[in-house]
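Here is how the chains run, residue by residue.
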2 protein chains.
Amino acid sequence: MGNLLKLFSALSDHNRLRIIAALKEYSDLCACQIVELLGVSGATTSRHLSILLQVGLIDSYKDGRWVHYRLNRASHNYGQVTDWLEDQLYQTATVEKDRYALREIMATDREDICRKQRGEKCCPRKPEDQIKELAHVSS
Amino acid sequence: MGNLLKLFSALSDHNRLRIIAALKEYSDLCACQIVELLGVSGATTSRHLSILLQVGLIDSYKDGRWVHYRLNRASHNYGQVTDWLEDQLYQTATVEKDRYALREIMATDREDICRKQRGEKCCPRKPEDQIKELAHVSS
DNA sequence: TATATAATTAGCTATATATCTAAATATATT
DNA sequence: AATATATTTAGATATATAGCTAATTATATA
């Protein structure tokens, strides 16, 4: 029973469903791309990914400093649920919007994504400061 | 997306899974029988049933003061998930234990069940008081 | 109509969880 | 070895939820 609860709990968060939908769309995404898609902190994304890893819905591999995530197609017995879920997710407005965002993200160099995320981290979210920072980064 | 979240959240509680398993076993149970099975308060049971009703996993009908609950076999599109779930639940230790408990409950007159539940409600949970109460009920 | 009863809703509380910043870890570069 | 970087973990906090008692609602009975 505990595994069933873990599975359904894992699927009870909108960002985690978005992750699954994104990994269905692109078979392999790295953490920074997922952070970019979700628009939440790296820490939160990592936590969500950890939950999905724990129940076996996704798996991961390292490529240097990069960590890639994929849907886990083996070694679990809830393919019936995930097949159904993926169909359902495909039709939702949020996931459709994500699809467009993902196109941009996949067209962007990861280094650029990370640079942007790093920048955001070290600067407070003040509009004037952000403009100054962007000007500084450009020069 | 909201409906998916509601569905998975509804399935993320062990007592609600037990309700589903019980309704798979016996096609029609009334609230007091479910209260008896779960061993939680009537209010808590009612709340769980309300959540399952809301997502359409179960439906209900009234018979005087009695309210009966059944699995909802129509008008929803997650049969693929619930079929799988029912199979999975069948194999869990908790549900197997519940199966025995349900046999007793189904063999007991509902009036007796309710009388017992009412009795429990109006008396504090003191061991000596419970013994006295049981002795009183027996006589 | 008053009383009894099964069930539901309201309100409160303890516990679980999503989110964040900071710190730590793993890997790469100088 | 020091520094940089991607990611994860730790710790704190706001929000959500399971459980309870009390109050209310819906139905039955006297």
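Residues numbered from 1 in each chain as written. Chains lettered and ligands numbered in written order. Predicted model: local features only at pLDDT ≥ 70, side-chain atom pairs only at ≥ 80, totals over all residues. Heavy atoms only, no water.

Caption draft 1: Spotlight on the environment of asparagine 3 of chain A. Residue and element names in this part refer to chain A. Topologically, asparagine 3 is positioned in helix α1 (residues 2-10). The exposure class assigned to asparagine 3 is exposed, which follows from its relative accessible area of 64%. Along the chain, asparagine 3 and valine 55 lie 52 residues apart, while their C-alpha atoms are 7.6 Å from each other. (Helix = DSSP H or I, 4+ residues; strand = E, 2+ residues; numbered from the N terminus. Buried < 20%, exposed > 50% of the residue type's maximum accessible area, 1.4 Å probe, protein only.)

Caption draft 2: Up close: the protein's contact with DNA strand C. Surrounding DNA strand C, one finds 24 residues, the nearest of these being His48 of chain A together with Arg65, Tyr69, Cys114 and Arg118 of chain B. Taking arginine 65 of chain A, its side chain carries an N or O atom lying 3.4 Å from a sugar or linking oxygen of DNA strand C. One of the backbone N or O atoms of cysteine 32 of chain B is found 3.2 Å from a phosphate oxygen in DNA strand C. Taken together, the elements giving at least two residues each to the surface near DNA strand C come down to α2 (14-25) and α4 (42-54) of chain A together with α3 (31-38), α4 (42-54), β3 (66-71) and α7 (110-122) of chain B. Considering every element that reaches the surface near DNA strand C, the biggest residue donor is α4 of chain A, with 4 residues. Looking at the surface near DNA strand C, its residues break down into 10 nonpolar, 7 polar and 7 charged. (Near = heavy atom within 4 Å. Polar contact = N/O pair within 3.5 Å; in protein donor to acceptor, adjacent residues only side chain to side chain. Nonpolar A, V, L, I, M, F, W, Y, C, P; charged D, E, K, R; others polar.)

Caption draft 3: Molecular detail of the pairing of strand β3 (residues 66-71) of chain A. All names here are of chain A. Pairing of strand β1 (residues 29-30) with β3, which is carried by 2 bridges, proceeds in the antiparallel orientation. Within β3, the position partnered with leucine 29 by the bridge is tyrosine 69. As judged from the 6 bridges shared by strand β2 (residues 58-63) and β3, these two strands associate in the antiparallel manner. Following the sheet pairing, aspartate 63 is matched in β3 by tryptophan 66. Taken together, β2 and the strand that follows it, β3, pair antiparallel across an intervening segment of 2 residues, in which glycine 64 is found at a positive phi of about 65°. (Pairing = 2+ DSSP bridges.)

Caption draft 4: Up close: the sheet that holds β2 of chain A. All names here are of chain A. Read from one edge of the open sheet, 3 strands run β1-β3-β2, paired in antiparallel fashion. Looking at which strands have only one partner, the edges of the open sheet turn out to be β1 and β2. Sitting on the sheet, α4 touches β2 and β3, and the angle it makes with β2 is about 120°. (Contact = heavy atoms within 4.5 Å. Axes fitted to C-alpha atoms, helices over the stretch in contact; angles between N-to-C directions.)

Caption draft 5: Local environment of the packing of α2 of chain A against helix α6 (residues 93-106) of chain A. All names here are of chain A. Running from amino to carboxyl end, α2 crosses α6 at an angle of 50°, the nearest separation of the two axes being 10 Å. Between α2 and α6, the angle is such that the two are oblique. Both α2 and α6 take part in a crossing whose hand is right-handed. Between α2 and α6, the residues in contact are Arg18, Ala21, Ala22 and Glu25 and Thr94, Val95, Asp98, Arg99 and Leu102, respectively. When the residues that make up the contact of α2 with α6 are grouped by side-chain class, the tally is 4 nonpolar, 1 polar and 4 charged. (Parallel < 35°, antiparallel > 145°, perpendicular 65-115°, else oblique. Left-handed = near helix turned anticlockwise from the far one by under 90°.)

Caption draft 6: Fine view of the relation of the copies chain B and chain A. For these two chains of identical sequence, chain B goes onto chain A by a turn of 180° and a shift of 0.0 Å along the axis, with RMSD 0.0 Å. Taken together, these values place the two copies in the relation of a two-fold axis. Both copies share a contact surface, since 100% of the interface residues of chain B are interface residues in chain A too. (Least-squares fit on C-alpha atoms with pLDDT ≥ 70 in both.)

Caption draft 7: Main features of helix α3 (residues 31-38) of chain A. Residues and elements named next belong to chain A. Summarising burial for α3: 6 of the 8 residues are buried, a large majority. Within α3 the residues assigned to the buried category are Cys32, Gln33, Ile34, Val35, Leu37 and Leu38. One or two residues past the end of α3 sits glycine 39, with phi positive at roughly 70°.

Caption draft 8: Expanded view of the protein's contact with DNA strand D. Not every one of the 25 residues close to DNA strand D is listed here, only the nearest: Arg65, Tyr69, Cys114 and Arg118 of chain A together with His48 of chain B. By atom count, sugar and phosphate contribute 76% of the portion of DNA strand D lying within 4 Å of the protein. Interatomic distance of 2.6 Å between a side-chain N/O atom of arginine 118 of chain A and a phosphate oxygen of DNA strand D. Between arginine 65 of chain B and DNA strand D, the recorded distance is 3.4 Å, taken from a side-chain N or O atom to a sugar or linking oxygen. The set of elements that each furnish at least two residues to the surface near DNA strand D consists of α3, α4, β3 and α7 (110-122) of chain A together with α2 (14-25) and α4 of chain B. The leading source of residues in the surface near DNA strand D is α7 of chain A, at 4 residues.

Nothing here speaks to function; it is all geometry.
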